Every structure is written in structure tokens, then in C-alpha cells.
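# A look at the structure
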Amino acid sequence: MNRFFLSSDRISGGEVSFPDDISHQISHVLRLKAGDVVAVLDNLGHLYQVSLVLNPHTNRPTGRVLGRELVDTEPQTRVALCFGLSNRDKVEWVLQKATEIGVVDFFPFVSSHTLVKSTTLSSKKLVRWERIIREAAEQSHRGRLPVLNRPLDYSVCLAEVKNQYGLCLIAWEGAVPGKAPLSSTLNGYEGDSIAVFVGPEGGFSVEEMSTAREMGWQVISLGSRILRMETAAIVLPALVLHEMGD
Ligand code: SAM
């Protein structure tokens, strides 16, 4: 069944209205017909079964709600991923895969070794990245859309995320594998929010690692092999969710 995230104000009185892009997808890409049933998610944790109605004059689809259910696919532990702004392909890969895995919050950052040095994000890129997140969330049957936060400078990102997440872990390839294993760090944690910070292609500077430690971020190792940024950005949230039973 095709799934679409819609803003909740498009679902009212048993009727559903679709924005232009999704109307086009329904009519011209998926070629769905009147009476076909689709799933509409309101990004508040509900899934609506919706029967399509095609207006013969405008050929625009609308929907009639057949039923509603709670979506139970979201992880119990909220995981945020902080990643260094890089080239478009790598960022889009991270956004797509981390959405499938269950990350709820993306914090792109700029640091001394990121390929991208500006925290300014063009509206075109923002719209494209949010579409990638939405499509990955629909494909992976997520119940809510992960949030793409505005890019921040390294230290600001550390501070802002530390205020929002109970346990904050920074992956450092210089950590001694046996001394900072992820499992022992997570073992005693009773909270429900964990932030993970993965460095850019060039890694962290010595000062950046000191800043993270001073701000209370816990250093963890991902083992003795060095992972690419886009690999670590997927592996770490997956391991965290697995260790937390999600
Ligand atoms: N110094 C690295 C190198 O020699 O290629 C560059 C950084 S690595 C490509 C990108 C990021 O992935 C690192 O900053 C770190 O956050 C994470 N990472 C990669 N391998 C890791 C490991 N074995 N343990 C902990 N973090 C790792």
C-alpha cells in the first residue's frame, strides 16, 4: 500500500486533500485509480486508510478516510545523529539510510575538517533533503518524520544537542577499542534519548575532541578499523538502537 506523509491539517472531517507534488505522484507516476486505498500518515503517530476519489473535472485526487490506527514502528529510544556537512551524495546517503534505521533528529555541522565550511543551506537543498527524508520514512514505514535541523558550527552543535539529549556519544577513531566499547557505555543507561556525533572525512582536531570532552560528550570507539564518515554515520545509530532493544 502506498504511503504518504501529509501535514495533519490536510486531514479533516473524514476528507483528505493532497498537495500538488503528491497529487502528481498519485495520478501520473503511480497511476492510482478512484477507489484505490492508500495510507496517509499525519506525522503525529497516526496512519489513516484512505480511499482515493478522483475529481473528473480537475483529475485531482482527494481522499475519504476509511479508518485510523496508531503507528507503532517508531523506536522507544530517540536517537539524534550529528554529522559533518559533506558532498551532496554522502549527505543524501546518510539522511536516507539513517532515516530507515530510526534516527529521529539530524544535526548537520561544520567543523575544521568538514568539506563544507558554511552553515548556510540553500532552500533548494533543504527542500531536496527533506524530500529524501520523507521518501525514506514512507518506504521504511516510519510513524514520524525525522527532523532535519539547520547546520551549526561544531561547538554550537555540541552544546545545543547536549541540552536536548540524555546521553551524548562522540565517535573517535583514536579511542582505544577495548577501553571505550559502546555496549558498556549503553549498558547502565536508563534514559530514552541518545545523541551520536560522527566526525567528517578529515576527523576531529585535538582541540575539537577536548571541547567535546569538556562539554560532557562521552568518547566511544567503533573498533580498530577506520570507517568512512558515511559508514560510521550509519553503523553507530544502528548499533545504539540495537543495544537499546530497538
Ligand atoms: N582519522 C580518520 C581517517 O584516518 O580516515 C578520518 C575520520 S573517519 C573517516 C570519519 C569519522 O568516523 C571519525 O571522525 C569518527 O567519528 C568515525 N569513525 C571512523 N572509524 C571509527 C572508529 N574505529 N572508532 C570510532 N569512530 C570512528
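Residues numbered from 1 in each chain as written. Predicted model: local features only at pLDDT ≥ 70, side-chain atom pairs only at ≥ 80, totals over all residues. Heavy atoms only, no water.

Moving on to the overall build of the chain. Across its full length, the chain holds seven helices and 13 strands. Dimensions of the chain, computed from the C-alpha atoms along their principal axes, are close to 65 × 35 × 30 Å. Summed over its atoms, the accessible surface of the chain is roughly 12,100 Å², and 50% of this surface lies on carbon and sulfur atoms. Here the chain holds 25 positive side-chain charges and 28 negative ones, and the gap between their average locations is 5 Å. (Helix = DSSP H or I, 4+ residues; strand = E, 2+ residues; numbered from the N terminus. Areas by Shrake-Rupley, 256 points an atom, 1.4 Å probe, with all protein chains shown as cover. Lys, Arg positive; Asp, Glu negative; His and termini not counted. Charge placed at Lys NZ, Arg CZ, Asp CG, Glu CD.)

Let us look at the packing of aromatic side chains. Using the criterion set out here, one finds eight aromatic pairs in the structure. When the ring of Phe-4 is compared with that of Phe-18, the centres are 6.4 Å apart and the planes differ by 75°; the resulting orientation is edge-to-face. With a gap of 14 residues between them, Phe-4 in strand β1 (residues 3-5) and Phe-18 in the loop between β3 (15-17) and α1 (20-29) connect regions that are remote in the sequence. Grouped by ring-pair contacts, the aromatic residues Phe-109, Tyr-154, Phe-197, Phe-204 and Trp-217 constitute a single cluster. (Phe/Tyr/Trp six-rings, centres within 6.5 Å; stacked < 30°, edge-to-face > 60°.)

Around the ligand, 18 residues are found, and the nearest of them are Ala-171, Glu-173, Leu-222, Gly-223 and Arg-225. With respect to the ligand, the backbone of Arg-225 contributes an N or O atom lying 2.7 Å from a nitrogen atom. Contact between the ligand and Leu-227: a nitrogen atom at 2.9 Å from a main-chain N or O atom of the residue. Out of a free accessible area of 570 Å², the ligand has 83% covered by protein chains. Residue classes in the shell around the ligand are distributed as eleven nonpolar, four polar and three charged. (Near = heavy atom within 4 Å. Polar contact = N/O pair within 3.5 Å; in protein donor to acceptor, adjacent residues only side chain to side chain. Nonpolar A, V, L, I, M, F, W, Y, C, P; charged D, E, K, R; others polar.)

Here the focus is helix α4 (residues 154-164). In an α-helix, one turn spans 3.6 residues; hence positions three or four apart end up facing the same way. Buried within α4 are the following residues: Tyr-154, Cys-157, Leu-158 and Val-161. On an axial view of α4, the arc spanned by its buried residues comes to 100°, and they lie on one face. Buried residues in α4 make contact with β7 (78-84), β8 (105-110), β10 (152-153), β11 (167-171), β12 (193-198) and α6 (206-214). (Buried < 20%, exposed > 50% of the residue type's maximum accessible area, 1.4 Å probe, protein only. Arc of directions from axis to C-beta. Contact = heavy atoms within 4.5 Å.)

In this structure, Leu-81, Leu-95, Phe-106, Leu-169, Ile-194, Leu-236 and Val-240 are the most contacted members of the largest nonpolar core, which totals 32 residues. The set of elements that each furnish at least two residues to this core consists of β7, α2 (88-101), β8, α3 (123-139), β11, α5 (182-187), β12 and α7 (229-243). For this core, the element with the highest residue contribution is α7, accounting for seven residues. Among residues more than four places away in sequence, those in contact with Leu-81 are Val-94, Ala-98, Val-103, Asp-105, Phe-106, Phe-107, Val-196, Val-198, Ala-233 and Pro-237. The next biggest cluster of nonpolar side chains, apart from the first, holds 19 residues, and it includes Leu-152, Tyr-154, Cys-157 and Leu-158. (Core = buried A, V, L, I, M, F, W, Y, C linked by side-chain atoms within 4.5 Å.)

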